[in-house]
Amino acid sequence: MCRHLAYVGPPVTLADLVLHQPHSLLRQSFAPTDMRGGGTINADGFGVGWLVGDPGEGGVARRYRRDRPIWSDESLPDLAASISSSAILAAVRNATVGMPVTETACAPFVEAAWMFSHNGVIDGWPASVAPLAGVLAMEHLIMLEAPTDSAFLWALVLQQLRLGHSAATALAVVVDEVLTLAPGSRLNLLLHDGSYIAATTVGHALWVRDGEGSVTVSSEPLDAEQGWQPVPDLSLLEATATQYSIKNLDQGRS
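Residues numbered from 1 in each chain as written. Predicted model: local features only at pLDDT ≥ 70, side-chain atom pairs only at ≥ 80, totals over all residues. Heavy atoms only, no water.

**Considering the pairing of strand β4 (residues 84-92)**
Part 1 of the argument: Here β4 lies mainly inside the structure; 7 of its 9 residues are buried.
Part 2 of the argument: The pairing of strand β2 (residues 46-52) with β4 spans 5 bridges and is antiparallel. In the sheet register, tryptophan 50 faces β4, and the bridge partner there is isoleucine 88. (Buried < 20%, exposed > 50% of the residue type's maximum accessible area, 1.4 Å probe, protein only. Helix = DSSP H or I, 4+ residues; strand = E, 2+ residues; numbered from the N terminus. Pairing = 2+ DSSP bridges.)

As structure tokens, this is what we get:
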């Protein structure tokens, strides 16, 4: 399935984080080590999102997405080397059979400072979760960026955020609602607001490492250095630049 990562901390270039690590997202796209649930490579597109401005003070998320393998984009290395940010979310895509391979289907999905990614699949999509469409305003439903489960999950998460719920609660509620209707789903969700990261693990791997005033979350460790910790399945992770916590996903609703 897909691979994704998020970073919060002192500014780094997109290239340093996404391209230049020993087991970078670039390398994971063609040589992943833990593709549980199916797939071999992530060649169906990619995206990199970053925060411009200050978190909580009008900062906005920008993104660069393509519907091709990340290793085939000749413009990305120069672009990524020229952009630094304290908040980054990136993903490479392995499209589920039957879903479109288009730029608009690639994470990150963004609004204001929010950036979102999904690694996994909704079992029985779309019929299994059709009842959840009723919680969305019609204008939000018809404005989905792509007819995919990931874009639909983003709409559900965004609806929870608009209701005033925290990022952690938004993810926990959406995971619970989807698993109730489609219990075989795999739902590793990743949400970043520029200063805070929330993530879930349902059926796929996730790792976390804290550094000197930074936290990185990734589907696979980016290097062989010590400090990477696996996030157990059915967990909710919350992180800022200085700390992170992991709890059972059932405890995330508040």
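There's more to say after this.
**Topic: unusual backbone geometry**
Part 1 of the argument: The amide bond that connects alanine 107 to the next residue, proline 108, takes the cis arrangement and shows omega of 5°.
Part 2 of the argument: Cis geometry marks the peptide bond from tryptophan 125 to proline 126, where omega comes out at 0°.
Part 3 of the argument: You can see proline 126 is positioned in the loop between β6 (114-121) and α4 (138-142).
Part 4 of the argument: With phi around 55°, alanine 112 is a residue other than glycine that occupies positive phi space.
Part 5 of the argument: A residue is classified by how much of its surface remains accessible, and alanine 112, at 51% relative accessible area, is exposed.

**Quick look at the sheet that holds strand β10 (residues 215-218)**
Part 1 of the argument: The 7 strands are arranged β3-β2-β4-β1-β10-β9-β11 in an open sheet whose pairing can be described as antiparallel. Each of the sheet's edge strands pairs with one partner strand only, and the pair in question is β3 (60-66) and β11 (229-230).
Part 2 of the argument: One ladder, built from 8 bridges, connects strand β1 (residues 3-13) with β4; its direction is antiparallel. Residue pairing across strands places valine 8 opposite alanine 87, the latter belonging to β4.

**Side note on empty space enclosed by the protein**
With a probe scaled to a water molecule rolled over the atoms, the places where space remains empty come into view.
Part 1 of the argument: Scanning all chains against the criterion turns up 1 cavity of 30 Å³ or more.
Part 2 of the argument: Computed from the structure, the largest cavity encloses a volume of approximately 170 Å³.
Part 3 of the argument: Surrounding the largest cavity, 22 residues form its lining, Cys2, Arg93, Ala105, His118 and Ser150 being those nearest its centre.
Part 4 of the argument: Elements with a minimum of two residues in the lining of the largest cavity: β2, β4, β6 and α5 (149-162).
Part 5 of the argument: With 3 residues, the top contributor of residues to the lining of the largest cavity is β6.
Part 6 of the argument: Classifying every residue of the lining of the largest cavity by side-chain character gives 11 nonpolar, 9 polar and 2 charged. (1 Å grid on protein atoms, 1.4 Å probe; cavity = no way out; pocket = protein on both sides within 12 Å on 5 of 7 lines; lining within 4 Å. Points joined across faces, edges and corners; volume = space filled by probe spheres on them. Nonpolar A, V, L, I, M, F, W, Y, C, P; charged D, E, K, R; others polar.)

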